[in-house]
Every structure is written in C-alpha cells, then in structure tokens.
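Listed below, chain by chain, are the residues.
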Amino acid sequence: MDNELFEKTPIPRAYMTLAIPVVLSMMVTLVYNTVDTYFIAHTGNTAMVAGVAIATPVFTVMIALGDIFGLGGSSVISRLYGQGRYDDGRRLSVFCFWGAVLTGLLVIVLGLALHNPILAMLGADKDTWQYASQFYTLIILGSPFIIVSMTPTNLLRTEGHATPSAIGSIAGTLINICLNPLFIHVLGWGAAGSAGATVIANICTDIYYVWFLVAHSKNLSVDPRLMLRGKRINISQHETTSILAIGIPASVTNLMQSLGIVMINLFLLPYGNDAVAAMGIGLKIVMIAVMILVAFAFGGQPLIGYNYGAGNMQRLKNLLGFAYGFLSLLAIAMTTILVAFARQLMSFFSGDPHIVELGTGMLRVQLLSTVCVSIVLVTTCTFQSAGKALGALALSISRQGVMLAITLYAGSRIAGYHGVIAAQALADLFTAVLAIVLFVALLPELRGTRQSKE
C-alpha cells in the first residue's frame, strides 16, 4: 500500500492519481450508455425506447445494492488503513464480497416473484410492457454479477489500486459496447439484447476482479476463511453496523436516482409516451455531466477516509477545498458545452423532430443545476468517508427523493408540464443548500483549521 500517496503527496497530484482512473472508467461507461441509447433509439420503435427507459431504474437498483458493500466497505476500510489496522481491513473486505453475493441471490428470488407488480409500479403500459419486461427479467437474473462487481471496484481504490479498479470496469464496458449492436440489431433481440449484453459484461468484470484480488492484493481478499474464528463468523456487530451505516445511505443515493426517474416518468405520462421517451434520452445525456462529477467526487474518497481516520484535519481541509473548487469549475464548463449543443445531441439519438424538440428543452433545464450537484456530491462523499451516517442519509434521500417529490408535486400544479421539467433543477438547488448547512453542523473538527497550500 502506497502510504506516501495518502499522507505526503501534494493534494492535486494525489487526488488526480486516484480520481483519473475512476474518471476514465466512467467515461467508457458513458460511451456505453450513449451507444446503448443510440442502438435502442435507432430501432425506430418509440415504445421500445420508452420501455427500456421505464425499466432502466431496475439496473440502477442493482448498482445501489452493490454500493452497500462497495462504498460502505471502502469507507470503513480506508479509515482502518489510516489507523494502520490492515488485517481488520482485509477481513472486512471478505465480508463485503460475500455479502454482495448473497444480496444478489436474494434479488433474483424477490425480483422474479414481484415481476408484474414492479413493472406496473414503474409505469409500463400495454405499449411498453413487452420491452420493459424483457429488459427487467434479464437484469434481475444477472443481478448477482452486477451487484458483486460494485464491491471490488470500490475496495481496490482504498489500497491505492485505482488503475486495476478502472481496468476491470473499462474491460467490462468495452465488452458491453461490442455485444450491444450484435444482440440488438444483428440477432434482433431488442431490449432483451441490451440487458443480456450488460449481464455478460458484468460476469467478465467479476472474473477479472477476483483474479486480481487473489493474485495481487495484499490487504484485500475474497477468502471466506478470513471471516471465521473456529466455526464462528469473526465479524462483530459494530463492524457490520459501521459498514451498513454508510453503505445504506450510499445505496439510497442510487435508489433515489431510480425513484427520481420513476417519479418524473409518472408525472410525464399524462403528456404521452413521446415525452417519456424524450426525457429518457435527455436524462442519458445529463448523466454524462453527472457521472463525470461523481467520478471526480468519489475518486478522492480513499484520501478523505484515510486522512480522517488518521486525524490529519489540516490535510483533509485542504483536500476538500480543492475538491469543491475543482468540481464547481468542471460543472460550469460541462453545462456550457452541453447546453450549447443540446439540440445536436438530441438529434443524434432520435430522428423524430417532435422528440428532439421536447428533449432539447428538457435537457437545457436539467443542466442548469450541475454546480449544485457538484456541491451535493462532494459533501455526500465526505460524510460517507468520515462515517457521518446521518448527513449521508439526509443528502441521499433529498436530491432525487424528498426534494424532487416536493418540487414535482408543486411544479406540476403551479406550471403543469413546465413545472415537471424544472422540478429536478429546483430539487438540486434546495439540496445544495441543505448540504452546506449539514457540513457546518456535522464536521466541527474542521473549524479553525488553517488552510495551507500543498
């Protein structure tokens, strides 16, 4: 483990060393999302586009469940490393891996049993049901592989293995990109082909991560024997609670993303499937900006957790100052570019003039609050890394949960269609204000620490 990187390397260099591989991995994922949307949209079947958009939150739920053990585990383990407790970190990494496996198996049972009620809740109708069902069923069957992949990709970065973490993610995404046109168009599997490509790619990613953990990691493992003391599981209730206390809020963040998409879709349904399809494409483009911000925000998570665990508040304060400033400037730059090319981006995904017109307006409004999103993301990452479960949970349920529900409800009644479109941007603004208030209240140890240049 490279302690020099966590303790003494200048902050901009240390931050980018850990964040850039995550960003590269995220960029490849964005290419996949773009390609996937492109191939689905260019089937010319609006019902299929809407059906996949309706069922996509199920995939996000898989990512969210993986975050319970991936982000929850990495938060606890990075703080243990800061305290020099490497054996404990290794033991907990095993618990996180097998916890993700068991969660995936449970999802298969529940997901298949509740197939029809869930699709109905997501808003599938007689036109979109077939396509939403195809996508949903395969994603549920592949859920163990999707959930498991989120654990090592986060844990490896706590040990400084940001590049191998990115390699696994990038390799899986490239496989996904190659399989998508084959399955969707050549074999004619449509929505099922998109989901099948995703599952196969995650299986390949899992194989790589397990190989790397076994062959190259000194402080992480998948060996279940490390959890045992005799015939008893050697994981304390306090350790389990510590992981879940951070992992569940991290998971809720992604669950709220799924809920947010569902809520927006439901509020748009009265305006027709074209509006739902346009928003589905628009949100994919907005995801470009948000996912890049997520990558840079959470790429620095091991640094935050390590220095908080080590009690190095001076370096931590400098680190957070850099993160807030850099991500805010990045958000402004991306907003400017994407707003300027909104119509061209929508036209790339759809040849339907009506959908392009609807989506262009939606996209520009959705992008207005990216600076607010950057503030929320850095603050959420800080709370997760420092073990501030209350703050992490409050922000997790706000931006695409409670705040969005309030702004959707109020906006739809005050301004109708336009109020629904503006709801997310307003929710982002209100959540950013909440993030600032919670930061001041929950991190008093950073007050009075003189900030210096590193």
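What counts as what
Each chain has its residues counted from 1, running along the sequence as written. Local features are withheld for residues below a pLDDT of 70 in this predicted model, meaning they are given only at 70 or higher, and side-chain atom pairs are given and counted only at 80 or more; totals for whole chains, interfaces and linings count all residues. The basis for every side-chain value is the complete set of non-hydrogen atoms in the structure, without hydrogens or water. Put simply, DSSP H or I for four residues or longer makes a helix, DSSP E for two residues or longer makes a strand, and each gets a number counted from the N terminus. As a reference, a globule follows 2.2 Å times the number of residues to the power 0.38, and the radius of gyration itself is taken over C-alpha atoms. For each residue, the accessible area found with a 1.4 Å probe, counting protein chains only, is set against the maximum for its type, and the residue is called buried under 20%, exposed over 50%, and partly exposed in between. The contact definition used throughout considers only heavy atoms, calling two residues in contact when any of these lie within 4.5 Å. Here an axis means a line fitted to C-alpha atoms, over the contact stretch when the element is a helix, while the angle between two N-to-C directions is reported on a 0 to 180 degree scale. Between 65 and 115 degrees an angle is taken as roughly perpendicular, under 35 as roughly parallel, over 145 as roughly antiparallel, and anywhere else as oblique. Two helices crossing with the near one rotated counterclockwise from the far one by less than a right angle form a left-handed crossing, whereas a clockwise rotation gives a right-handed crossing. Amino acid classes used here: Ala, Val, Leu, Ile, Met, Phe, Trp, Tyr, Cys and Pro are nonpolar; Asp, Glu, Lys and Arg are charged; the rest, including Gly, are polar. Under the pairing criterion, centres of Phe, Tyr and Trp rings, with the six-membered ring standing for Trp, must be within 6.5 Å; the plane angle then separates stacked pairs below 30 degrees from edge-to-face pairs above 60, leaving the rest tilted. The pLDDT value tells you how sure the predictor is about a given residue, anywhere from 0 up to 100. A pairing counts as a salt bridge when a side-chain nitrogen of Lys or Arg comes within 4 Å of a carboxyl oxygen of Asp or Glu. It is the directions from the helix axis to the C-beta atoms that the arc portrays. Only residues whose relative accessible area exceeds 30% and that take part in no salt bridge are eligible for patches, with like-charged residues grouped when within 9 Å of each other and nonpolar side chains (Val, Leu, Ile, Met, Phe, Trp, Tyr) grouped when within 5 Å. Areas reported as accessible are Shrake-Rupley estimates using a 1.4 Å probe. Residue values count occlusion only from the protein chains shown. Any pair of cysteine sulfurs within 2.5 Å is marked as a disulfide.

### Structural notes on the overall build of the protein
- In terms of regular secondary structure, the protein is built from 18 helices and two strands.
- Against the 2.2 N^0.38 benchmark of 22 Å for 454 residues, the protein shows a C-alpha radius of gyration of 21 Å, consistent with a compact globule.
- In terms of overall dimensions, the protein has a C-alpha envelope of 60 × 50 × 35 Å along the principal axes.
- Considering the protein as a whole, with its 454 residues, one finds that 59% of them fall into the buried category.
- If you take every contact in the protein between residues at least 6 apart in sequence, the share linking residues at least 24 apart comes to 84%.

### As for the side chain of asparagine 265
- Here asparagine 265 shows up in helix H10 (residues 237–268).
- Assessed through its relative accessible area of 4%, asparagine 265 is described here as buried.
- Excluding residues that lie within four positions of it along the chain, asparagine 265 makes contacts with Ala53, Ile54 and Val276.

### Details of the packing of helix H3 (residues 46–82) against helix H7 (residues 143–158)
- The contact between H3 and H7 brings their axes to 8 Å, and the two run at 25 degrees. Relative to H7, H3 is oriented roughly parallel. The interaxial crossing formed by H3 with H7 has right-handed handedness.
- Of the residues assigned to the contact of H3 with H7, the class counts are 12 nonpolar, nine polar and one charged.

### A word on the packing of aromatic side chains
- Within this structure, the stated rule accounts for 12 aromatic pairs.
- Taking the centre distance of 5.3 Å and the plane angle of 85 degrees together, the rings of phenylalanine 97 and tryptophan 98 count as edge-to-face.
- Judged by its relative accessible area of 8%, phenylalanine 97 is buried.
- A centroid spacing of 5.7 Å and a plane angle of 55 degrees characterise the contact between tyrosine 208 and tyrosine 209, whose relative ring orientation is tilted.
- Feature note: the residues Tyr15, Phe296, Phe322 and Phe326 constitute an aromatic cluster, connected by ring pairs.

### Concerning the confidence of the model for the protein
- The predicted model of the protein averages 84 in pLDDT, with 93% of residues at 70 or higher.
- Ranking the elements of the protein by mean pLDDT puts strand E1 (residues 228–229) last, at 72, and helix H13 (residues 313–340) first, at 92.

### So, the environment of threonine 17
- Residue placement: threonine 17 occurs in helix H2 (residues 11–41).
- Along the primary structure threonine 17 and glycine 299 are separated by 282 residues, whereas in three dimensions their C-alpha atoms are 8.9 Å apart.
- Ignoring any residue separated from it by four or fewer positions in sequence, one finds threonine 17 in contact with Leu5 and Ala162.

### Points about the pattern of salt bridges
- Scanning the entire structure with this criterion turns up six salt bridges.
- A salt bridge links arginine 85 to aspartate 88; the shortest N-O distance between them is 3.1 Å.
- Residue class for aspartate 88 comes out partly exposed when judged on its relative accessible area of 22%.
- One continuous salt-bridge network, built from bridges that share partners, spans Arg85, Asp88, Arg91 and Glu239.

### Some thoughts on helix H14 (residues 342–349)
- Residues of H14 that are buried: Ala342, Met346 and Phe349. When H14 is viewed along its axis, its buried side chains cluster within an angular range of 60 degrees and face the same direction.

### What to know about the packing of H3 against helix H6 (residues 129–141)
- Contact geometry for H3 and H6: axes closest at 7 Å, N-to-C directions at 25 degrees. In terms of their interaxial angle, H3 and H6 are classed as roughly parallel. For the element pair H3 and H6, the recorded crossing hand is right-handed. Residues Ala47, Met48, Gly51, Val52, Ala55, Thr56, Val58, Phe59 and Met62 of H3 touch H6, and the partners they reach there are Tyr131, Ala132, Phe135, Tyr136, Ile139 and Ile140.
- Broken down by class, the residue content of the contact of H3 with H6 amounts to 13 nonpolar, two polar and no charged.

### Things to note about the side chain of aspartate 428
- Following the sequence through the fold, aspartate 428 ends up in helix H18 (residues 398–442).
- A relative accessible area of 1% means that aspartate 428 is categorised as buried.
- Apart from the residues lying within four places of it in its own chain, the contact partners of aspartate 428 are Ser369, Cys372, Val373, Val376 and Arg399.

### Let's talk about a nonpolar patch on the surface
- Nonpolar side chains collect at one region of the surface, where Leu426, Leu429, Phe430, Val433 and Val437 lie side by side and expose about 420 Å² of accessible area between them.
- Within the fold, leucine 426 resides in helix H18.
- On the accessibility criterion, leucine 426 (39% relative accessible area) is partly exposed.

### Observations concerning the state of the cysteines
- One pass over the structure, following the stated rule, counts zero disulfides.
- Between cysteine 178, a free cysteine, and cysteine 204, which holds the nearest cysteine sulfur, the sulfur-to-sulfur gap is 11 Å.
- For cysteine 178, a relative accessible area of 58% corresponds to the exposed category.

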